[in-house]
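Notes for the structure review
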Amino acid sequence: MKSLADLIKLREEAQKKVDVRETNKDYRVVVGMATCGIAAGARPVLNKLVEEVSANDYSCTVTQTGCIGLCVYEPIVEVFDKDGGKTTYVHVNPEKAKEILESHIKEGKILEKYTIDAVK
Amino acid sequence: MQDLAMYILEILMNSIHANSKLIKLLISFITKDDEVKIIIEDNGKGMDEERLKTVVSPFSTSRTTRKIGLGVAFLKSLCESCEGDLVIESRVGVGTKTVATYRLSNIDTPPLGDIGEMMMFAIQANEAIDYEFDFIKDNYHFSFNTKEIREQLGGINLDNPDILLWIKDYINQEIRREDL
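First, a word on scope: everything that follows refers to the structure included in this document. (Residues numbered from 1 in each chain as written. Chains lettered and ligands numbered in written order. Predicted model: local features only at pLDDT ≥ 70, side-chain atom pairs only at ≥ 80, totals over all residues. Heavy atoms only, no water.)

1. Side note on the overall build of chain B
To keep things clear, this is the line we draw: By the criteria applied, helices consist of DSSP H or I runs no shorter than four residues and strands consist of E runs no shorter than two, each listed in order from the N terminus. Atoms counted for the radius of gyration: C-alpha only. Globule rule: 2.2 Å times residue count to the power 0.38. The buried label applies to any residue whose accessible area, calculated with a 1.4 Å probe on protein chains only, is under 20% of its type's maximum; exposed applies above 50%, and partly exposed to all values in between. Here the Shrake-Rupley method, with its probe set to 1.4 Å, supplies the accessible areas, and only the displayed protein chains count as covering residues.
Helix and strand content of chain B: seven helices and six strands. Taken from N to C terminus, the helices and strands of chain B fall in the order α-β-β-α-α-α-β-β-α-β-β-α-α. In terms of overall dimensions, chain B is globule-like: its C-alpha atoms have a radius of gyration of 16 Å, near the 16 Å expected for 180 residues. C-alpha extents for chain B along the principal axes are approximately 45 × 35 × 25 Å. A buried classification covers 56% of the 180 residues belonging to chain B. Put simply, chain B shows about 8,400 Å² of open surface, and 47% of that area lies on carbon and sulfur atoms.

What follows is the structure, given as structure tokens:
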């Protein structure tokens, strides 16, 4: 059972995490959540990303954006690094999303096979 | 659109992109009135009369007002196919209120869908926006207010992944109770 009292515990845990690592995250993971993205299956992808980042405490933020203009490649996940570099992953599903986090965010290795360059 | 949560998320996204600070959402199922009612009210930038006219029409919206797109048209189509109605009131600088009603017993009513996930996505889209969400099913009333959540959380943001997941699970737990 979830209750409002859980929030106090969550707050303490969140504060601990902030103390351990500076708030500057290494990566920004962005999901296209316009109608096209949602229709293609972006909802379970975003859900999976939030769950995995929460469970593994990856050094990234997960955010949303509108239509990227590549609707045919949705669901799209873009990964921005600290230097402004961008990697665009296309046709992402929850399983691929997990792999992307494990490879790109955890180990810093771009998962070439899921990028837009691999399908174009 | 597979479920009601997806329809509502589309409208919430419109409110989010209209620079709202507070979004009020009511979802109510009243058996004795045979009515489903959904109200989405924001204090965003609003629309003028000209724009309001095009918003309700499904064929002119997507081209003239990109920010609105198909969300309103989809919801209107749902209401009309379920013996209901969609009414939008809006004033520039004040906000927009969308009221959707349809018949609870109509065979074409969509399933509820994942309302917790819907709220999680809306909150994550812009953490700064507050929500007052009310869910009514006959005599049962559940209220969710992000201002109260923020008080409990101190300075922790609502878009913290752990908090987002808690919000999703908490809302779903409260609106999917077996005694409803």
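2. Considerations on the pairing of strand β4 (residues 86-89) of chain A
Sheet faces and side chains relate simply in a regular strand, where the side chains alternate between the two faces. Residues and elements named next belong to chain A. We count it as follows: If DSSP finds at least two bridges between two strands, the strands pair.
Sheet topology places strand β3 (residues 77-81) next to β4; four bridges connect them, and they run antiparallel. By the bridge assignment, F80 is partnered in β4 with K86. Connecting β3 to the antiparallel partner β4 that follows it, the hairpin turn spans four residues, and G84 within it adopts a positive phi of roughly 90°.

3. Section: unusual backbone geometry
Each neighbour pair has its own omega, and for E74 of chain A with P75 of chain A the value is -5°, a cis peptide bond. Secondary-structure assignment places P75 of chain A in the loop between β2 (60-65) and β3. One non-glycine residue, D57 of chain A, adopts positive backbone phi at about 55°. When you line up the elements, D57 of chain A lands in the loop between α3 (42-56) and β2. On the basis of relative accessible area, D57 of chain A is assigned to the partly exposed category, the value being 29%. Even without being a glycine, D34 of chain B presents a positive backbone phi close to 50°. Mapped onto the fold, D34 of chain B is located in the loop between β1 (22-30) and β2 (35-42).

4. Comments concerning the sheet that holds strand β4 (residues 95-103) of chain B
Within a sheet, adjacent strands bond to each other through the backbone by hydrogen bonds, running parallel or antiparallel. Residues and elements named next belong to chain B. Selection rule: Between N-to-C directions, angles span 0 to 180 degrees; the directions come from axes that are lines fitted to C-alpha atoms, helices contributing only their stretch in contact.
Spatially, β3-β4-β2-β1-β5-β6 is the arrangement adopted by the six strands of the open sheet, whose pairing is mixed. Edge positions in the open sheet fall to β3 (85-91) and β6 (140-145), since each of these has one partner strand only. Taken over all neighbouring pairs, the strand axes of this sheet differ in orientation by 5° on average, direction set aside.

5. What to know about the sheet that holds strand β1 (residues 27-32) of chain A
Residues and elements named next belong to chain A. What the four strands build is an open sheet, ordered β2-β1-β3-β4; its pairing is mixed. Taken across any chain shown, the strands that pair with only one partner, and hence form the sheet edges, are β2 and β4. The average angle at which neighbouring strand axes cross in this sheet is 20°, direction not considered.

6. Examining the interface of chain B and chain A
Rules: The criterion used for residue contact is that any of the two residues' heavy atoms lie within 4.5 Å. The buried area of a pairing is the accessible area, by a 1.4 Å probe, that goes missing from both parts when the two are put together, added over both. One side-chain nitrogen of Lys or Arg within 4 Å of one carboxyl oxygen of Asp or Glu is enough to make a salt bridge. Any N or O atom pair separated by 3.5 Å or less is treated as a polar contact, with the protein-specific requirement of one donor-capable and one acceptor-capable atom, and with residues adjacent in sequence counted only for side-chain atom pairs.
Taken together, the contacts link 30 residues of chain B with 25 residues of chain A. A buried area of about 2,600 Å², summed over both sides, lies between chain B and chain A, and 60% of it is on carbon and sulfur atoms. Along the contact surface separating chain B from chain A lie four salt bridges. When the shortest N-O distance is used, the salt bridge between R43 of chain A and E117 of chain B registers 3.3 Å. Our count for the contact surface shared by chain B and chain A stands at 11 residue pairs in polar contact (both at pLDDT 80 or more).

7. Re the environment of D3 of chain B
Of note, D3 of chain B is situated in the segment before α1 (4-17). We classify D3 of chain B as buried; its relative accessible area is 10%. Separated by 53 residues in the primary sequence, D3 of chain B and V56 of chain B have C-alpha atoms spaced 21 Å apart. Non-local contacts of D3 of chain B, meaning those with residues more than four positions away in its chain, are made with R43 of chain A together with P110, P111, L112 and G113 of chain B. A distance of 3.1 Å separates a polar atom in the side chain of D3 of chain B from the backbone nitrogen of M6 of chain B.

8. Description of the side chain of T98 of chain B
If you trace the backbone, T98 of chain B turns up in strand β4. When near neighbours in sequence (up to four residues on either side) are disregarded, T98 of chain B contacts I11, I38, I39, I40, L75, L86, V87 and I88 of chain B.

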